[in-house]
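Examination of the molecular architecture
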Amino acid sequence: MMTNVRGRSGTRSRSTYGRSPMYTPKSGQDYWGKPSTYGRSTKKTKTTSTPVPAAWRNCSDSFANKIYSYRTLYNQTKGPARYGRPSPTTLNSFANWINKGAMVHTITTAQVARWAKATKKNFNARTPTPTACKNVLWAKFGKNTIKAVARTKTGSFMVATPYFVNGKPFWFPK
């Protein structure tokens, strides 16, 4: 039996003799002679970390948050900057907040614009400023929560907040 196959050079015929879904020409090949993936595992193995004992969990979380925050500051010093980098003074100020126990979060202008609508504060997403962002964040989360605000090299904002607010770890909602 013949079947029509369309390729680069037009339509031509290919024999289908001996080709059935159960037939593979060689072991390890599929219907068309390509290497078969049947029976192979496509799952990747997970690397699991060892759990942190309860006595050290608070210390471990504190170190992880500081690493995350310092990595955010470090990323501002490397690579291309579309909107200009924060000054060394600004980065040192944020590093001092981290040393005092604050965390540095990165939030987008879209998030700030959404919160500005909810709080009825003026915020122009086309020409955002750190001061306008700070005013929106103060209205939404309170002055005790927002410690410092600066523009990042990608146009979003870095915000320093305490790790705990009202006895709970603080994270910005998505």
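Just above sits the structure.
What counts as what
Residues numbered from 1 in each chain as written. Predicted model: local features only at pLDDT ≥ 70, side-chain atom pairs only at ≥ 80, totals over all residues. Heavy atoms only, no water. Pairing = 2+ DSSP bridges. Helix = DSSP H or I, 4+ residues; strand = E, 2+ residues; numbered from the N terminus. Axes fitted to C-alpha atoms, helices over the stretch in contact; angles between N-to-C directions. Parallel < 35°, antiparallel > 145°, perpendicular 65-115°, else oblique. Left-handed = near helix turned anticlockwise from the far one by under 90°. Contact = heavy atoms within 4.5 Å. Nonpolar A, V, L, I, M, F, W, Y, C, P; charged D, E, K, R; others polar.

Turning our attention to the sheet that holds strand E5 (residues 157-162). Two modes of strand pairing occur in sheets, parallel and antiparallel, and in both the strands are linked by backbone hydrogen bonds. The strand order across the open sheet formed by 3 strands is E3-E5-E4, and the pairing between neighbours is antiparallel. Every other strand in the sheet has two partners, leaving strand E3 (102-107) and strand E4 (148-151) as the edge strands with one partner each. Averaged over all pairs of adjacent strands, the angle between their axes in this sheet comes to 25°, without regard to strand direction. Examined bridge by bridge, E4 and E5 share 4 bridges and lie antiparallel to one another. Within the sheet, the bridge partner assigned to Ala 150 lies in E5 and is Met 158.

Turning next to the packing of helix H3 (residues 109-119) against helix H4 (residues 130-141). The N-to-C vectors of H3 and H4 enclose an angle of 55°; their axes lie 9 Å apart at closest approach. Considering the angle they form, H3 stands oblique to H4. Crossing of H3 over H4 shows left-handed handedness. Each of Val 112, Trp 115, Ala 116 and Thr 119 in H3 lies in contact with H4, whose residues at this interface are Cys 133, Val 136, Leu 137, Ala 139, Lys 140 and Phe 141. Residue classes in the contact of H3 with H4 are distributed as 8 nonpolar, 1 polar and 1 charged.

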